[in-house]
Amino acid sequence: MEFWVTQSFNGVSYGALLFLLASGLTLIFGVMRIVNLAHGSYFLVGGYMGLTTVWRTGNFPLALFTGSLAVALIGIGMERLFLRRLKNQVLAQVLMTMGFALIFQDLSLLIWGGDPYTIPVPPLLRGSFRLSLVVFPVYRLFIILAATAVGIALWLFLEKTRAGATIRAAVDDGEMAQGVGINVPVVSMGVFALGAFLAALGGVVGGGFIGVYPGVDFEVLPYAFVVVIVGGLGSLPGAIVGSLLVGLLDNFGKALFPELSYFTLFAPMAVILALRPTGLFGKV
Amino acid sequence: MMGGRRRILALLAVGGLLVVLPPFLSAYPLTLLTQGLIFAVFAMSLDLLLGYTGLASLGHAAYFGVAAYVVALMTTLHQAGFWTCLVLALLAAIVLSATFGLVAIRAVGVYFLMITLALAMVVWGLAFRWVSLTQGDTGISGVPRPTLGPWSFAHQTAFYYLTLVTFLVAFGLLLLIVRSPFGMSLRGIRESEGRMRCLGYNVWLHKYLAFILAATFAGLAGFLWAYYNGFVSPVEVQLITSVETLLMVALGGPGTLVGPALGAGIIVFLKNFVSVYTKRWLLILGGVYIGVILFAPQGLIGALRERQSQDRKSSRYPAGIKGDTA
């Protein structure tokens, strides 16, 4: 029983972290149809920027803010200067974002070196508490709460605001949205910045949990892709369900079948795809 | 198009150099040349999908890797010979692609990209985690160079010629495939899937067969790579390897066979050459990715043809990256 509770909790908290990463990816995909291989790099760079902020100021909330904002600006630059001209050219987008991913990886190595770091979190979030026989780390609970807050905020933003409505219109039919007077290029830029922001936020939050180290970018990227593929490209509910599913599958896979753990993660995804090629919540 | 006779002469000249030159080369350029030829086979195999059929696969390393792992396992655990390894390696690539193809071929455009990526991750996950079989991140080392009857390919030059022969066979077979009616139908599918379907072609089957054929040639490259490198690790099946092969094809020119081979040669040379002089070669490689997209979106062969066709005031562009949209 303890095993199941602990592993489920770990799975949900990891899923929460994945949600931060994948919600941005799925939004970007929904609006712009870009396969962004640099999305893991936003996580990495955000984590490192957060780390530097905590080192300089000791202020963790500030780190959440600076890390994500800096990366959002990087995202805007990438979108405006490079990706915009590659509209609808899938292969070119893949290769270009891969180029950026390599550059971010190497620059991070140059600036922050090759040692793994963990972002120091405030005392309030350290330690753990006990409910009957099961021990829950506070930080994992914080991740779940943070992801829930982000999820609700995103949902409210997308469903209840005018800006959200224009984004949904651009996801559903970009050409039509353009036709009724929505400035789709501006929407695209905003969504790209938001996606980069969320990924970097995940990087700072994850930095206090899985740490920041060279290679974490390409370690989390496949997870984000799996979440988006399983949930359906461009769907927020899909990202929520996909994140939880992937977090749980990953945790139970690692605990129960360590040798096949990635297989237990990716194989069910292949089955879902075989049955529903557009993912659980995706539209054609 | 380049003048037919000039093109054949150029190919023969390059081929002649590849045959005659190596005994006069020192060890290092020879290994580079061997590596280049292996990746040329790999890149050409991907181009059968990308350039000829219009399917951008982000998981082609899976078939390269699975063949390499088969060779590594069979030689280190069972002392299997050359032909046994060749047959089993190709068979592994065929079986794997026939299975994955059932899932992947249904998808189009960007979905195909994502699904092939995800399927390749299954293979990577097994290579990385199934430690009792694959030794995980440590990889399998000590793959011996093959012997074939009286010949041993332990020596660098001998192995080079084995690679060259394999490359030429692969090139010839691929040339036959893309020039055959089957290859023509693949190009038709690339240009307009709907039209081909209306004409009564079984589009699904054509794509499925192209997928398996491409994987088989990727397996052939993986087979050579395991012998060449003597060491196989999850690096061989990871996403970055798949993307790098896409870069080779894009750099050389999709929809040609010479282009990807050229692209493979350039990238292999660049990787080895630049990493000797600077630790920042990833930065430079990243720049190459971006530069290719910005300055040579049709690849080198494409740019060459474009210049020549401009001379003749013709506007027939070879299908390149711009044609492969979702």
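Keep in mind that what you see is a predicted model, and the values were worked out from it rather than measured.

Enquirer: Looking at this model, I keep getting lost on the overall build of chain A. Mind explaining?
Expert: Scanning chain A from N- to C-terminus turns up 11 helices and 2 strands. Scanning chain A from its N terminus toward the C terminus, one meets helices and strands in the order α-α-α-α-β-β-α-α-α-α-α-α-α. In terms of overall size, chain A behaves like a compact globule, its C-alpha atoms giving a radius of gyration of 19 Å where 284 residues would be expected to give roughly 19 Å. Expressed along its principal axes, the backbone C-alpha trace of chain A runs to roughly 60 × 45 × 35 Å. Long-range pairs, those at least 24 residues apart, make up 76% of the contacts in chain A between residues at least 6 apart in sequence.

Enquirer: Whenever I open this one, the nonpolar core confuses me. Can you help?
Expert: Among soluble globular proteins, nonpolar side chains are generally buried collectively. By size, the foremost hydrophobic cluster in this structure holds 204 residues, and its most contacted members are Leu95 of chain A together with Ala67 and Ala118 of chain B. If one sorts the elements of this core by residue count, helix H5 (residues 109–129) of chain B sits on top with 16 residues. Those residues within four positions of Ala118 of chain B in sequence are excluded, and the remaining contacts are Phe225, Val226, Ile229, Phe266, Met269 and Ala270 of chain A.

Enquirer: So what exactly am I meant to see when it comes to the pairing of strand S2 (residues 134–137) of chain A here?
Expert: If a strand is regular, its side chains alternate between the two faces of the sheet. Alignment of strand S1 (residues 128–131) of chain A against S2 of chain A, held across 4 bridges, turns out to be antiparallel. Bridged to Ser128 of chain A within S2 of chain A is Pro137 of chain A.

Enquirer: Honestly, the packing of helix H8 (residues 181–191) of chain B against helix H10 (residues 203–229) of chain B in this entry has me stumped. Any pointers?
Expert: Geometry of a packed helix pair, given as the angle between the helix axes and the separation of the axes. Residues and elements named next belong to chain B. Packing of H8 against H10 brings their axes to within 10 Å, and their N-to-C directions diverge by 110 degrees. Between H8 and H10, the angle is such that the two are roughly perpendicular. Where H8 crosses over H10, the handedness of that crossing is left-handed. Residues Ser185, Leu186 and Ile189 of H8 form the contact with H10, whose own contacting residues are Val203, His206, Lys207 and Ala210. Broken down by class, the residue content of the contact of H8 with H10 amounts to 4 nonpolar, 2 polar and 1 charged.

Enquirer: So what exactly am I meant to see when it comes to the confidence of the model for chain B here?
Expert: Atomic detail in the predicted coordinates should be set aside for any region of low pLDDT. All names here are of chain B. In this model, chain B carries an average pLDDT of 85, and 94% of its residues clear a pLDDT of 70 or more. Per-element averaging of pLDDT across chain B places helix H14 (residues 299–311) at the bottom with 76 and H10 at the top with 94. Among the prediction metrics, the complex's ipTM stands at 0.84, with pTM recorded as 0.87.

Enquirer: Teacher, can you tell me more about the packing of helix H9 (residues 216–231) of chain A against H5 of chain B here?
Expert: It is at 10 Å that the axes of H9 of chain A and H5 of chain B come closest, and there the two elements cross at 125 degrees. Relative to H5 of chain B, the element H9 of chain A lies oblique. Between H9 of chain A and H5 of chain B the crossing geometry is left-handed. When H9 of chain A is examined against H5 of chain B, the residues Pro222, Phe225, Val226 and Ile229 of chain A are found in contact with a partner set consisting of Met114, Leu117, Ala118 and Met121 of chain B. The class makeup of the residues in the contact of H9 of chain A with H5 of chain B is 8 nonpolar, no polar and no charged.

Enquirer: What's the story with the interface of chain A and chain B in this structure? I'm lost.
Expert: Frequently, the measure chosen for interface size is the accessible area removed from exposure when the parts meet. Taken together, the contacts link 36 residues of chain A with 45 residues of chain B. Here the element with the most residues in the side of chain A that touches chain B is helix H4 (residues 90–112) of chain A; it accounts for 13 residues.

How each quantity is defined
Residues numbered from 1 in each chain as written. Chains lettered and ligands numbered in written order. Predicted model: local features only at pLDDT ≥ 70, side-chain atom pairs only at ≥ 80, totals over all residues. Helix = DSSP H or I, 4+ residues; strand = E, 2+ residues; numbered from the N terminus. Rg over C-alpha atoms; globule rule 2.2 N^0.38 Å. Contact = placed C-beta atoms within 7 Å. Core = buried A, V, L, I, M, F, W, Y, C linked by C-beta atoms within 7 Å. Buried ≥ 20, exposed ≤ 12 C-beta atoms within 10 Å, placed from the backbone. Pairing = 2+ DSSP bridges. Axes fitted to C-alpha atoms, helices over the stretch in contact; angles between N-to-C directions. Parallel < 35°, antiparallel > 145°, perpendicular 65-115°, else oblique. Left-handed = near helix turned anticlockwise from the far one by under 90°. Nonpolar A, V, L, I, M, F, W, Y, C, P; charged D, E, K, R; others polar. pLDDT = per-residue confidence, 0-100.

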